[in-house]
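# Summary of structural features
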Amino acid sequence: VCPSLLAPGLLPSMWQLYPGRRYRGSDSSFWRIVYHIEFSGTEEMLLEQLPR
């Protein structure tokens, strides 16, 4: 989803890298990167929220 299409507050404001290529959001949710690419200074990333 394009960031401009997201309602405010749907994604955590801060992220912390954890072992196993997981990220922990400032709301204690865990996410993993499904897809990531950077081309000509533009990044595209698909995240999957992991069960709590």
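An unreviewed UniProt entry annotates the protein as T cell leukemia/lymphoma 1A originating from Suricata suricatta. If you open the UniProt record of the protein and go to Sequence similarities (unreviewed entry), you find "Belongs to the TCL1 family."

Moving on, we come to the pattern of salt bridges. Applying the stated criterion across every chain yields a total of 1 salt bridge. A salt bridge links Glu48 to Arg32, with the shortest nitrogen-to-oxygen separation between them at 2.5 Å. In this pair, Glu48 sits in strand S4 (residues 42-50) while Arg32 sits in strand S3 (residues 30-39), placing the two residues 16 residues apart along the sequence. By relative accessible area, which is 33% here, Glu48 ends up partly exposed.

A negative phi holds for most residues other than glycine; trans holds for most peptide bonds. Even without a glycine there, the phi angle at Ser28 is positive, about 75°. The class for Ser28 is partly exposed, based on a relative accessible area of 34%.

Next up on the list: the side chain of Ser29. One can find Ser29 in the loop between strand S2 (22-25) and S3. Here Ser29 falls in the buried class, since its relative accessible area comes to 0%. In contact with Ser29, not counting residues within four places along its chain, are Pro12, Tyr23, Arg24, Gln49 and Arg52.

This part is about a nonpolar patch on the surface. Taken together, the side chains of Val34, Tyr35, Ile37 and Leu46 make up a nonpolar region of the molecular surface, amounting to roughly 340 Å² of accessible area. Per element, the largest residue contribution to the nonpolar patch is 3 residues, and it comes from S3. For Val34, a relative accessible area of 42% translates into the label partly exposed.

Thresholds applied
- Residues numbered from 1 in each chain as written.
- Predicted model: local features only at pLDDT ≥ 70, side-chain atom pairs only at ≥ 80, totals over all residues.
- Heavy atoms only, no water.
- UniProt positions renumbered as here; feature names shortened; annotations may be inferred.
- Salt bridge = Lys/Arg side-chain N within 4 Å of Asp/Glu carboxyl O.
- Helix = DSSP H or I, 4+ residues; strand = E, 2+ residues; numbered from the N terminus.
- Buried < 20%, exposed > 50% of the residue type's maximum accessible area, 1.4 Å probe, protein only.
- Contact = heavy atoms within 4.5 Å.
- Patch = residues over 30% accessible without salt bridge, like charges linked within 9 Å, V, L, I, M, F, W, Y side chains within 5 Å.
- Areas by Shrake-Rupley, 256 points an atom, 1.4 Å probe, with all protein chains shown as cover.

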